[in-house]
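In case you want the letters, here they are:
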Amino acid sequence: MIETKKTFHVAITMAGAISAGAYTAGVMDYLLETLDSWTKMKEKAGSFFVKYPLLKQLTWEEFEKTPEFAEISQDKNFLEDLQKKAIRYKAVPDHDIQIEIMSGASAGGMTAAIASLVLQLENKHHVKFLPDVKDKATLAELEEIKGNNRLYNSWINLTSDDMLSVLLSGDDISFIGKPVSALNSLFIRQVAQRALRIDETDNIIAAPYVSDDFNLFVTLTNLEGYQKSLQINSSGKRADLSDYGEFITYNHSDLVMFSFGENKDTGTVHIDFNNQTDNRNKKNITLLGDAAVATGAFPIGLEYASFRREPEFINKNFLIKQIHSDTEDLVETDSPYLTSFIDGGLINNEPFELTDCLLKSRLKTKLKKNPEIQKLHAAYMADFEKKLRKRNLEENISEDIDPILAKEKERWFDDEIRRQKNYTILMIDPFPSERKPKKAKIPENQTNYYPFDLLGVIGQLVATMRSQLLVKTNLFNTARDTNDFSCYLIAPRRRRFQKNPTGEVIRGDDGRPLPVYEKDEEGNDLVVEGEKIAKIYDGSAAIACGSLGGFGGFLNKSFREHDFFLGRLNCQSFLRRHFRIKADGENAVQNAVTTAYSDEAKKIFQLECGAEYVPIIPEMDLLKTQTNLSTEKIPAKPDELYWKLQFPKYDMKIFEGAKDKVLNRIWLIMDSLMKTNGIGWAGRKYVRMGFLYMRNDLFKKLTDYVQKELRAWDIIR
């Protein structure tokens, strides 16, 4: 797409979430549906004003006085709808969105990989939340749509309605010959292969909101690591050779980057979904599936993944060079590089900084190709060089100015990117970091402070290491700037509603459902300035899949379906109210987005996003609501749907009924590990006797843990 002043660039990065990838999938489904709806609305607006050109320039009152008005039908409904259409189509913002990059880690990386294909499908089969539909024909049609929607099918349907039985199966141990994870994970590769398979019914197109040189990357944790060595001589200085040997470390941060369309950058794996005959292209699509599986390989719980990459995808990759800037070639160049990977989220769960680095590099490249920008840059550099030479002459400075000019050239483009303010990064994170509980008060006379036992220390160690890996100082600084629109976060949020003993939502005198309220220290509803404060559930507490450390979604399909639809509803609210830029007043921004909104558009869209702001991506259901035609149903508002999205409940009898499967899985792992480590039949027999003796106690502890977790999420019957 040709770069214009109307173009606003978006990068989307998706954080790890294990089974809560269902939430991220729902967000992406609604985001793409909105972009598709907006694209169609712009096309309709163009056709409308070709047929009624005067309505683009005149008010309705002025149009009524023209000869053209007398020539059209005078039917009342027709005229009312025509007037509303004129208002609607004038209010359609005409800026262009370009998705430049998608990136992700763990479940986010898996979703990004699937979405890289979904972006290019003509029919994406968006799954709407229709809680009031009862007739069998519509429900059957809806189920068919769910099966065809790759995001829904991959995260909610998975490979079975009973995923607990799949996870506890021994198929993986039979296939591999040894246990490599606590749970059977063969289904993940099946899902990836199915999601990236193209058939004759799929029509691949170039979506107008996707950059024609689009990039995707997923983060990985490389179990082998890339070796870094440093030679130090006897004086403590760096040297090529040393009598004291080498200082060797390993960097385990890794990624795979893919390119699409016209982008065939060296170091990227290029994919053309339209080409199903070229062997290299098919091999690259397989690598996309391998990378998706690898980034989601949650340590210990799910199996690690191994695959080969061509050396150029590592040694010449732009982002890998940023991570490993001090090493020329990370791997040998004479053969494909084979190694094993686990969850990319272990080291980089929210790859914001890498996405930011790649996005700015891409924007700089685009600016350098823009003729208008080239003229501005040439004029600036000529003036800068003139002043530099004059200064050196006056101060008698002798220096090579070429490096200074080269550095200034790049700095000017960096400043121009920031000045234009035509880009942002949207991060989708089902598990944003949450506050730790307050520490218990310690008596002042207590001298010894030992809050953890040995197991507690191990747990705190893991939590501490993971928390430290998530620290992103640059992101904090950007987020604190209220005038900076270069990063946004969408995360789970919802209210829960009061219910009577039969499970029906309780309504107030005005007919609206009553939310659960915050409680004071005495357990009464918290009242501030005469108003009860509704309790808001954020992050993992808002989603059903947040239980059991993110594995809760595998217990029941209803958990994943709830989170998918919550993702859609959250995305709708986010686009209307929060994904916005200040267009008027103090510190207003002039860019591709803000200049695209007419006064008519602002009146409509500011009903939700607030005065002085405009949405980056306009949500068309809001526009339809405010200009509703006689032939249309009024779209439901997000607030009218939240209370209809019932928080699911789990029957512990299901888990208790899987007792034999749970215990058989545990024993199968133990027995296989003993066999592979040379423990003979007699030794395994004695271990088996001990296991049989304690199996009931073991399952009770597991059941108690699951029950405690689900109770904490208020998700148990």
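Everything quoted here is computed from the prediction, not taken from an experiment.

## A short note on the overall build of the chain
Point 1. A tally of regular secondary structure across the chain gives 26 helices and 15 strands.
Point 2. Taken against the 2.2 N^0.38 rule, which gives 27 Å for 717 residues, the C-alpha radius of gyration of the chain at 29 Å falls within 12% of a compact globule.
Point 3. Its C-alpha atoms put the chain at 100 × 85 × 70 Å along the principal axes.
Point 4. Looking at the 717 residues of the chain, the share that counts as buried comes to 48%.
Point 5. For the chain, the share of sequence-separated contacts (at least 6 apart) that also reach a separation of at least 24 residues comes to 75%.
Point 6. Carbon and sulfur atoms form 52% of the exposed surface of the chain, whose accessible area is close to 38,100 Å².
Point 7. Charge-centre separation for the chain: the mean point of 98 positive side chains lies 3 Å from the mean point of 104 negative side chains.

## A short note on a nonpolar patch on the surface
Point 1. On the surface, a cluster of nonpolar side chains totalling about 350 Å² of accessible area is made up of Leu-454, Leu-455 and Ile-458.
Point 2. As for its position among the elements, Leu-455 is in helix 18 (residues 454–469).
Point 3. The class for Leu-455 is exposed, based on a relative accessible area of 66%.

## Examining the pairing of strand 7 (residues 337–342)
Point 1. Across the six residues that make up strand 7, a large majority, five, are buried.
Point 2. Inspection of the sheet shows strand 6 (residues 305–309) paired to strand 7 by five bridges, in the antiparallel sense. Each residue of the ladder has a partner; that of Arg-308, found in strand 7, is Leu-338.

## Quick word on a negative patch on the surface
Point 1. On the surface, Glu-328, Asp-329, Glu-332 and Asp-334 cluster together into a patch of negative charge.
Point 2. With respect to the helices and strands, the residue Glu-328 is situated in the loop between helix 14 (318–323) and strand 7.
Point 3. Overall, Glu-328 belongs to the exposed group, its relative accessible area being 69%.

## Comments concerning the packing of aromatic side chains
Point 1. A complete count under the given rule lists 25 aromatic pairs for this structure.
Point 2. Geometrically, the ring pair formed by Phe-187 and Phe-554 is edge-to-face, given 6.0 Å between the ring centres and 75° between the ring planes. Taken together, the residues Phe-187 in helix 11 (residues 186–195) and Phe-554 in the loop between strand 13 (536–538) and helix 20 (557–577) connect sequence positions 367 residues apart.
Point 3. Taken together, a centroid distance of 5.9 Å and an interplanar angle of 25° make the contact between Phe-260 and Phe-273 stacked.

## A closer look at the layout of surface pockets
Point 1. Roughly 1,100 Å³ of internal volume is contained in the second largest pocket.
Point 2. Lining the second largest pocket are 41 residues, with Glu-33, Ser-37, Lys-128, Asp-621 and Lys-624 sitting closest to its centre.
Point 3. At 10 residues, the largest contribution of residues to the lining of the second largest pocket is made by helix 1 (residues 21–51).
Point 4. Among the residues making up the lining of the second largest pocket, the classes are represented as 18 nonpolar, seven polar and 16 charged.

## A closer look at helix 25 (residues 659–676)
Point 1. Helix length check: helix 25, at 18 residues, gives a terminal C-alpha distance of 26 Å against a target of 26 Å (1.5 Å per residue), a fit within 8%.
Point 2. Taken together, the buried positions of helix 25 are Val-662, Leu-663, Arg-665, Trp-667, Ile-669, Asp-671, Ser-672 and Met-674.
Point 3. Contact partners of the buried residues in helix 25: helix 9 (163–167), helix 10 (171–176), helix 24 (652–657) and helix 26 (681–712).
Point 4. Directly after helix 25, the chain includes Gly-678, whose backbone phi takes a positive value near 80°.

## Describing helix 1
Point 1. Between its first and last C-alpha, helix 1 extends 45 Å over 31 residues, near the 45 Å set by a 1.5 Å rise per residue.
Point 2. Among the 31 residues in helix 1, 22 count as buried, and that is most of the element.

## Let's talk about the pattern of salt bridges
As a working rule, side chains carrying opposite charge can pair if their charged atoms are close by.
Point 1. Applying the stated criterion to the full structure yields 45 salt bridges.
Point 2. The shortest N-O distance in the salt bridge between Glu-33 and Lys-128 comes to 2.3 Å. With Glu-33 in helix 1 and Lys-128 in the loop between helix 6 (107–118) and helix 7 (136–148), this pair connects stretches of sequence that are 95 residues apart.
Point 3. Since its relative accessible area comes to 9%, Glu-33 is described here as buried.
Point 4. By sharing partners, the salt bridges in this structure join Arg-576, Arg-577, Glu-608, Glu-619 and Asp-639 into a single network.

## Some remarks on empty space enclosed by the protein
Point 1. Evaluation of the coordinates by the stated rule reveals four cavities of 30 Å³ or more.
Point 2. Empty space within the largest cavity amounts to approximately 240 Å³.
Point 3. Broken down by secondary-structure element, the contributors of at least two residues to the lining of the largest cavity are helix 6, helix 8 (150–157) and helix 11.
Point 4. Partitioned by chemical class, the residues of the lining of the largest cavity number 16 nonpolar, three polar and no charged.

## Some points on unusual backbone geometry
Point 1. Look at Glu-529: it is not a glycine, yet its phi comes out positive at around 55°.
Point 2. Assignment of secondary structure puts Glu-529 in the loop between strand 11 (527–528) and strand 12 (531–532).
Point 3. By relative accessible area, which is 81% here, Glu-529 ends up exposed.
Point 4. Positive phi is not limited to glycine here, since Asn-587 has a value of about 65°.

## Observations regarding the confidence of the model for the chain
Point 1. Summarising the model, the chain shows a mean pLDDT of 89, and 92% of its residues fall at 70 or more.
Point 2. Per-residue pLDDT, averaged within each element of the chain, yields its smallest value for helix 19 (residues 473–480) (52) and its largest for strand 2 (residues 96–104) (97).

## Notes on the side chain of Asn-284
Point 1. Take Asn-284: it is sitting in helix 12 (residues 279–295).
Point 2. Here Asn-284 falls in the buried class, since its relative accessible area comes to 7%.
Point 3. Discounting chain neighbours no more than four positions away, the residues touching Asn-284 are Phe-258, Val-269, His-270 and Ile-271.

## A closer look at the nonpolar core
Looking at soluble globular proteins, one finds that nonpolar side chains tend to be buried together.
Point 1. Counting residues in hydrophobic clusters, the biggest one holds 150 residues, and the most contacted among them are Met-28, Met-102 and Phe-258.
Point 2. For this core, the element with the highest residue contribution is helix 1, accounting for 14 residues.
Point 3. By size, the runner-up hydrophobic cluster in this structure holds 25 residues, among which are Ile-314, Ile-320, Leu-358 and Ile-373.

## Focus: the packing of helix 16 (residues 371–394) against helix 17 (residues 402–420)
Point 1. Two elements in contact, helix 16 and helix 17, have axes whose closest approach is 11 Å; the angle formed by their N-to-C orientations is 135°. One way to sum up the angle between helix 16 and helix 17 is to call them oblique. Between helix 16 and helix 17 the crossing geometry is right-handed. Counting all contacts with helix 16, which are made through Ile-373, Leu-376, His-377, Tyr-380, Met-381, Phe-384, Glu-385 and Leu-388, the residues of helix 17 involved are Ile-404, Leu-405, Glu-408, Lys-409, Arg-411, Trp-412, Phe-413, Glu-416 and Gln-420.

## Quick look at the environment of Glu-200
Point 1. Among the structural elements, Glu-200 can be located in the loop between helix 11 and strand 3 (210–231).
Point 2. Under the relative-accessibility criterion, Glu-200 is labelled exposed at 74%.
Point 3. Along the sequence, Glu-200 and Lys-701 sit 501 residues apart, while their C-alpha atoms lie 51 Å from each other.

## Here's the deal with the environment of Gly-567
Point 1. Relative to the assigned elements, Gly-567 resides in helix 20.
Point 2. Residue Gly-567 is classed as buried on the basis of its relative accessible area of 0%.
Point 3. Taking the C-alpha atoms as reference points, Gly-567 and Asn-263, 304 residues apart in sequence, are found 31 Å from one another.
Point 4. With residues near it in sequence (within four places) discarded, Gly-567 still touches Tyr-23, Gly-26 and Val-27.

## Structural notes on the packing of helix 25 against helix 26
When two helices pack together, their arrangement is given by the angle between the helix axes and the distance between those axes.
Point 1. Two elements in contact, helix 25 and helix 26, have axes separated by 10 Å at closest approach and are oriented at 145°. Where helix 25 crosses over helix 26, the handedness of that crossing is right-handed. For the pair formed by helix 25 and helix 26, the contact residues are Lys-659, Asp-660, Val-662, Leu-663, Ile-666, Trp-667, Met-670, Asp-671, Met-674 and Lys-675 on the first element and Arg-684, Val-687, Arg-688, Phe-691, Arg-695, Asn-696, Leu-698, Phe-699 and Leu-702 on the second.
Point 2. Grouping the constituent residues of the contact of helix 25 with helix 26 by class yields 11 nonpolar, one polar and seven charged.

Analysis parameters
Residues numbered from 1 in each chain as written. Predicted model: local features only at pLDDT ≥ 70, side-chain atom pairs only at ≥ 80, totals over all residues. Heavy atoms only, no water. Helix = DSSP H or I, 4+ residues; strand = E, 2+ residues; numbered from the N terminus. Rg over C-alpha atoms; globule rule 2.2 N^0.38 Å. Buried < 20%, exposed > 50% of the residue type's maximum accessible area, 1.4 Å probe, protein only. Contact = heavy atoms within 4.5 Å. Areas by Shrake-Rupley, 256 points an atom, 1.4 Å probe, with all protein chains shown as cover. Lys, Arg positive; Asp, Glu negative; His and termini not counted. Charge placed at Lys NZ, Arg CZ, Asp CG, Glu CD. Patch = residues over 30% accessible without salt bridge, like charges linked within 9 Å, V, L, I, M, F, W, Y side chains within 5 Å. Salt bridge = Lys/Arg side-chain N within 4 Å of Asp/Glu carboxyl O. Pairing = 2+ DSSP bridges. Phe/Tyr/Trp six-rings, centres within 6.5 Å; stacked < 30°, edge-to-face > 60°. 1 Å grid on protein atoms, 1.4 Å probe; cavity = no way out; pocket = protein on both sides within 12 Å on 5 of 7 lines; lining within 4 Å. Points joined across faces, edges and corners; volume = space filled by probe spheres on them. Nonpolar A, V, L, I, M, F, W, Y, C, P; charged D, E, K, R; others polar. Expected span 1.5 Å × (residues − 1). pLDDT = per-residue confidence, 0-100. Core = buried A, V, L, I, M, F, W, Y, C linked by side-chain atoms within 4.5 Å. Axes fitted to C-alpha atoms, helices over the stretch in contact; angles between N-to-C directions. Parallel < 35°, antiparallel > 145°, perpendicular 65-115°, else oblique. Left-handed = near helix turned anticlockwise from the far one by under 90°.

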